[in-house]
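One letter stands for each residue in the lines below.
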Amino acid sequence: MNLKGRNFLKLLDFTPEEILYLVDLAADLKDKKKKGILTTDMHQGKNVALIFEKTSTRTRCSFEVAAHDLGIGTTYLDPSGSQIGKKESIADTARVLGSMYEGIEYRGYGQEIVEELAQYAGVPVWNGLTNEFHPTQMLADVLTIREKLGRIQGVKLTYMGDARYNMGNSLMVVCAKLGMHFTACTTAKYFPEEGLAGECRKIAEETGGSITFTEDVAAGTKDADVIYTDVWVSMGEPEEVWAERIKDLSPYQVNRQVMENAGKDAIFMHCLPAFHDLKTKIGREMSQRFGISEMEVTDEVFESPASVVFEEAENRMHTIKAVMAATL
Ligand code: CP
Ligand code: NVA
């Protein structure tokens, strides 16, 4: 398998074999890291630019640590610390950075921005999250599912919450690609957009996977192997949508009943950050405004043995390392 020079913009651009190759490579790099085997000679002397137009903990740290482990130098460009979009176009930025760096990570808004960056950069560009997709998160999730359940093909994954945004879209795509059964269990207005869903259904027909949308919590979570959720309001969305989201999505909170209705050995996953208690500023603010102490997942489920969220977070680093190792 040779992915040298490839961009990593969305999983729709990759075959199932290529996706699994990256997951296998991540598992191998993880094993090496645990054994203390250094990999700094893999890409020694290279440099990558990390553009973040939205904030991040996991993705930024994963890119920085992974790059260091591969012998790569990094430059972090924070949401206010560059000319991008304000004084300089994406195409110009791409050509400047492409002349200095061997690879570019981009986290920001529309998918078309990261696609344009890739078009002009002349070096691999990696999507660190857009409004539409979060592909590096998918590799971490697949690695985690395989570690926990011992399989990928045929796994039943139910996503609850806002399924039309980056996480719902990306999980639907990766399930279709890898022959998993994806269910969006939420209010109909939060179902993924029909065009993308149709494309995924076609892919799923070939891989043995399936795509289901339901508003019925009991039916949608029944016997699921993975219950997955994400924040109800994503980065970059206006403040005003909180009230509507809380009202619409509260029936789809991941709680004890949901986990009991899922499969016996079901795991709980979340890309994080999560609102499961009052230990965050926004969590406390929403508690004062709406009288709730938890949002998309209860603290009980978040802290339960079924919850694999921190292993999932760790796997972000190993999988992002695989993406850089393979494409540089
Ligand atoms: N899951 C994830 O992308 O986390 P960050 O926003 O902290 O990078
Ligand atoms: N949907 C969330 C994912 C965060 C990793 C957001 O875009 O804010």
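Refer to the preceding data block for the structure.
How each quantity is defined
- Residues numbered from 1 in each chain as written.
- Chains lettered and ligands numbered in written order.
- Predicted model: local features only at pLDDT ≥ 70, side-chain atom pairs only at ≥ 80, totals over all residues.
- Heavy atoms only, no water.
- 1 Å grid on protein atoms, 1.4 Å probe; cavity = no way out; pocket = protein on both sides within 12 Å on 5 of 7 lines; lining within 4 Å.
- Points joined across faces, edges and corners; volume = space filled by probe spheres on them.
- Nonpolar A, V, L, I, M, F, W, Y, C, P; charged D, E, K, R; others polar.
- Buried < 20%, exposed > 50% of the residue type's maximum accessible area, 1.4 Å probe, protein only.
- Helix = DSSP H or I, 4+ residues; strand = E, 2+ residues; numbered from the N terminus.
- Pairing = 2+ DSSP bridges.
- Right-handed = clockwise from strand over helix to strand, strands pointing away.
- Arc of directions from axis to C-beta.
- Contact = heavy atoms within 4.5 Å.
- Near = heavy atom within 4 Å.
- Polar contact = N/O pair within 3.5 Å; in protein donor to acceptor, adjacent residues only side chain to side chain.
- Areas by Shrake-Rupley, 256 points an atom, 1.4 Å probe, with all protein chains shown as cover.
- Sits in = over half its atoms within 2 Å of the grid points.
- Expected span 1.5 Å × (residues − 1).
- Axes fitted to C-alpha atoms, helices over the stretch in contact; angles between N-to-C directions.
- Parallel < 35°, antiparallel > 145°, perpendicular 65-115°, else oblique.

Draft legend 1. Local environment of empty space enclosed by the protein. All chains considered together, the criterion is met by two cavities of 30 Å³ or more. The volume enclosed by the largest cavity comes to roughly 40 Å³. Around the largest cavity, the lining residues are F275, D277, L278, G283, M286, S287, I292, S293, E294 and M295. Per-class residue counts for the lining of the largest cavity are five nonpolar, three polar and two charged. Here the second largest cavity defines a volume of roughly 30 Å³. As for the second largest cavity, its lining consists of K10, L11, L12, F133, P135, S170 and V173. In terms of residue class, the lining of the second largest cavity is made up of five nonpolar, one polar and one charged.

Draft legend 2. Summary view of the pairing of strand 1 (residues 47-52). Of all six residues in strand 1, five are buried; the element is thus mostly enclosed. Of the pairings in the sheet, the one linking strand 1 to strand 2 (residues 73-77) comprises five bridges and is parallel in character. Note on strand 2: the bridge partner recorded for I51 is L77. Taken together, strand 1, helix 2 (residues 58-69) and strand 2 form a β-α-β motif whose crossover is right-handed. Bridge analysis of strand 1 against strand 3 (residues 103-107) gives five bridges, and the strand direction is parallel. In the sheet register, F52 faces strand 3, and the bridge partner there is R107.

Draft legend 3. Region of the structure containing helix 11 (residues 281-290). When we look at burial in helix 11, the residues that qualify are G283, M286 and S287. Axial view of helix 11: buried residues confined to an arc of 105°, hence all on one face. Opposite the packed face of helix 11, turned more than 90 degrees from it, sit the exposed residues K281 and Q288. Residues of helix 11 that are buried sit in contact with helix 9 (241-249).

Draft legend 4. Main features of the site of ligand 2. Surrounding ligand 2, one finds L129, N166, D230, V231, S234, M235, C271 and L272. Here an oxygen atom of ligand 2 sits 2.8 Å away from a polar atom, N or O, in the side chain of N166. One of the backbone N or O atoms of M235 is found 2.8 Å from an oxygen atom in ligand 2. Isolated, ligand 2 exposes 270 Å² of accessible area, and the fraction of that covered by the protein chains is 95%. Its atoms largely coinciding with the cavity grid, ligand 2 occupies the largest pocket. Classifying every residue of the shell around ligand 2 gives five nonpolar, two polar and one charged.

Draft legend 5. Examining helix 5 (residues 135-149) more closely. The terminal C-alpha atoms of helix 5, which comprises 15 residues, lie 21 Å apart, in line with the 21 Å expected from a rise of 1.5 Å per residue. Among the 15 residues that make up helix 5, twelve are buried, leaving the element largely enclosed by the rest of the structure. Regarding helix 5, the residues found buried are P135, T136, Q137, M138, L139, A140, D141, V142, L143, T144, I145 and L149. Downstream of helix 5 by a residue or two, G150 has a phi angle that is positive, lying close to 80°.

Draft legend 6. Representation of the packing of helix 9 against helix 11 within the structure. Following both chains from N to C, one finds helix 9 and helix 11 inclined at 75°, their axes separated by 12 Å at the closest point. By the angle between their axes, helix 9 is roughly perpendicular relative to helix 11. Residues W242, A243 and I246 of helix 9 touch helix 11, and the partners they reach there are I282, M286 and F290. Considered class by class, the residues forming the contact of helix 9 with helix 11 number six nonpolar, no polar and no charged.

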